[in-house]
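Below, each chain spelled out in residue letters.
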Amino acid sequence: MAEWTRTRVGLPGGRGFDRWFLDSGKPGYRVVIFGGVHGDETEGVIAANRLAGMALGLKAGSVTVLPIVNEEAYGADTRLTPADGGNLARAFPGRADGTPTEQLAFALTSDVLVGCDLLIDLHTSGRTLDIPFTIGYIDDGRDKKGLSERAAKVFGADFIWRHPIRPPGRTLNGADAAIYTEAPGAGPTSLENAGNFTDGVLRVLDELGLLEKPLATCSTRISQRIVGGNNVELDPMATKHEGLFIHRSRQGQKVAKGDLLGLVVNLKGETLEEIRADRDGWVVSLKYRPQVRKGEPVAGLAVADER
Ligand SMILES: [Zn+2]
């Protein structure tokens, strides 16, 4: 039986990350799992820590797990790297002589992701946004084997989100086939979502033929397939006023064009503006914290993926 190895990858300034590696010694897909790319998203960290060292009964390929990719951000309980304010999920492929965030991205690109067949990047929505339980995949033509769509279909999330474009800098650019999770994450840590992530990854490993026997049952969730919104931070509908954002919808809700999603109010609670759905679809992102600036994105919709 193959045994896990755990190694420390060191970076300048005492930074670095732990890498867990399990090699079946046989041909098969090489899967890499990231937790903690953003330091304030705990469910992915829990799921990745559970998977690291788990008795997987690997019969093909290999599994690499980085339980906490951005340790410095995790230590500070922040989304961004404290040393430079960098967003690791937008810093790929990185630079060897760049900022600490760029150096970390470069080490991941040049060391961990070389030869990777499928990257599974475990995120939740963190402090800034509220997002439903989603598995997203990139569909820009680079994934010739269609692994990311296969993986997304068995993961068992409420939404399967197809992105026809790969925006520059994303962690997901590090491999041709890549999927990522999102889940409501603005509130306290959800062990239920952490369990959903662990089970979803196990289903993917089973789907790709890596496991001796299934370690998670098939999901009973019916996933809604959605498309669009290439970047949850940039695409959503924006405010015309400065004020406080009041939710009038919730993440995952199905809405019709014209439905009220939220309000912007002044400091007396008087309505300055109504944010209404600009199309039929599902609410896939809502700004969580109330204070908004003029022109700030606050609510995002994705439409049904008819393909
Ligand atoms: Zn994230």
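Structure: above.
**Here we look at the overall build of the chain**
Link 1 in the chain: Tallying secondary structure elements over the chain gives 5 helices and 18 strands in all.
Link 2 in the chain: Expected size for 307 residues packed as a compact globule is a radius of gyration near 19 Å; at 19 Å, the chain falls within 12% of this value.
Link 3 in the chain: Counting only C-alpha atoms, the chain reaches 65 × 45 × 35 Å along its principal axes.
Link 4 in the chain: Within the chain, residue pairs in contact and separated by at least 24 positions form 71% of the contacts whose partners lie at least 6 positions apart.
Link 5 in the chain: Surface exposure of the chain reaches about 13400 Å², of which carbon and sulfur atoms provide 51%.
Link 6 in the chain: Positive and negative side-chain charges of the chain, numbering 37 and 40 respectively, have mean locations separated by a distance of 2 Å.

**Some remarks on the nonpolar core**
Link 1 in the chain: If you look at the biggest cluster of nonpolar residues, it comprises 37 residues, and the most contacted ones within it are Ile33, Val63, Val65, Leu118, Ile120, Ile179 and Leu205.
Link 2 in the chain: Elements with a minimum of two residues in this core: β2 (16-23), β3 (30-35), α1 (42-51), β4 (62-66), β5 (118-122), β7 (134-138), α4 (147-155) and α5 (191-207).
Link 3 in the chain: Residues within four places of Val65 in sequence aside, it is in contact with Trp4, Asp18, Arg19, Trp20, Ile33, Ala48, Leu51 and Ala52.
Link 4 in the chain: Core analysis: the second largest hydrophobic core is formed by 31 residues, Leu11, Phe34, Ala91 and Leu113 among them.

**Points about the sheet that holds strand β17 (residues 291-292)**
Link 1 in the chain: Strand order across the open sheet formed by 4 strands is β15-β14-β12-β17, with antiparallel pairing between neighbours. The outermost strands of the open sheet, each flanked by one partner alone, are β15 (271-276) and β17.
Link 2 in the chain: In the sheet, strand β14 (residues 260-265) pairs with β15 via 5 bridges, with the strands oriented antiparallel. Bridged to Val265 within β15 is Thr271.

**Re the coordination of the zinc ion**
Around a metal, the idealised angle for a tetrahedral arrangement of four donor atoms is 109.5 degrees; for an octahedral arrangement of six donor atoms it is 90 or 180 degrees.
Link 1 in the chain: Taken together, His38 (ND1), Glu41 (OE), Glu41 (OE) and His123 (ND1) make up the full set of protein donors to the zinc ion, lying 2.0 to 2.3 Å away.
Link 2 in the chain: Geometry at the zinc ion is irregular, judged from the 4 donor atoms that bind it and their angles of 58 to 148° at the metal.
Link 3 in the chain: Look at where the donors of the zinc ion fall in the sequence and you get H-x2-E-x81-H. Pair noted here: His38 is in the loop between β3 and α1 and His123 is in the loop between β5 and β6 (129-130), with a separation of 85 residues, a long-range link.

**Concerning helix α3 (residues 100-112)**
Link 1 in the chain: When the terminal C-alpha atoms of α3 are compared, their 17 Å separation across 13 residues agrees well with the 18 Å that a helix rising 1.5 Å per residue should span.
Link 2 in the chain: Along α3, the residues classified as buried are Thr101, Gln103, Leu104, Ala105, Ala107, Leu108 and Val112.
Link 3 in the chain: Where the residues of α3 are buried, they touch β2, β3 and β4.

**Re the packing of aromatic side chains**
Working definition: an aromatic ring pair is given by the centre-to-centre distance plus the angle between the planes.
Link 1 in the chain: One pass over the full model with this rule turns up 4 aromatic pairs.
Link 2 in the chain: Arranged with centres 6.2 Å apart and planes meeting at 75°, the rings of Trp4 and Trp20 form a pair that is edge-to-face. Of this pair, Trp4 sits in the segment before β1 (5-10) while Trp20 is found in strand β2, placing the two residues 16 residues apart along the sequence. Here Trp4 matches Trp20 in class, with each residue buried.
Link 3 in the chain: Summarising the aromatic geometry, the rings of Phe159 and Trp282 are spaced 6.4 Å apart at their centres and angled 70° between planes, so their arrangement reads as edge-to-face. Placement of Phe159 in strand β8 (residues 159-163) and of Trp282 in strand β16 (residues 281-287) is noted, with a sequence separation of 123 residues between them. We note that Phe159, like Trp282, is buried.
Link 4 in the chain: Of the aromatic side chains, those joined through ring pairs into one cluster are Phe133, Phe155 and Phe197.

Rules behind the numbers
Residues numbered from 1 in each chain as written. Predicted model: local features only at pLDDT ≥ 70, side-chain atom pairs only at ≥ 80, totals over all residues. Heavy atoms only, no water. Helix = DSSP H or I, 4+ residues; strand = E, 2+ residues; numbered from the N terminus. Rg over C-alpha atoms; globule rule 2.2 N^0.38 Å. Contact = heavy atoms within 4.5 Å. Areas by Shrake-Rupley, 256 points an atom, 1.4 Å probe, with all protein chains shown as cover. Lys, Arg positive; Asp, Glu negative; His and termini not counted. Charge placed at Lys NZ, Arg CZ, Asp CG, Glu CD. Core = buried A, V, L, I, M, F, W, Y, C linked by side-chain atoms within 4.5 Å. Buried < 20%, exposed > 50% of the residue type's maximum accessible area, 1.4 Å probe, protein only. Pairing = 2+ DSSP bridges. Donors = N, O, S within 2.8 Å, 3.2 Å for Na, K, Ca; no water. Tetrahedral: all angles 85-135°; square planar, octahedral: opposite > 155°, others 65-115°. Expected span 1.5 Å × (residues − 1). Phe/Tyr/Trp six-rings, centres within 6.5 Å; stacked < 30°, edge-to-face > 60°.

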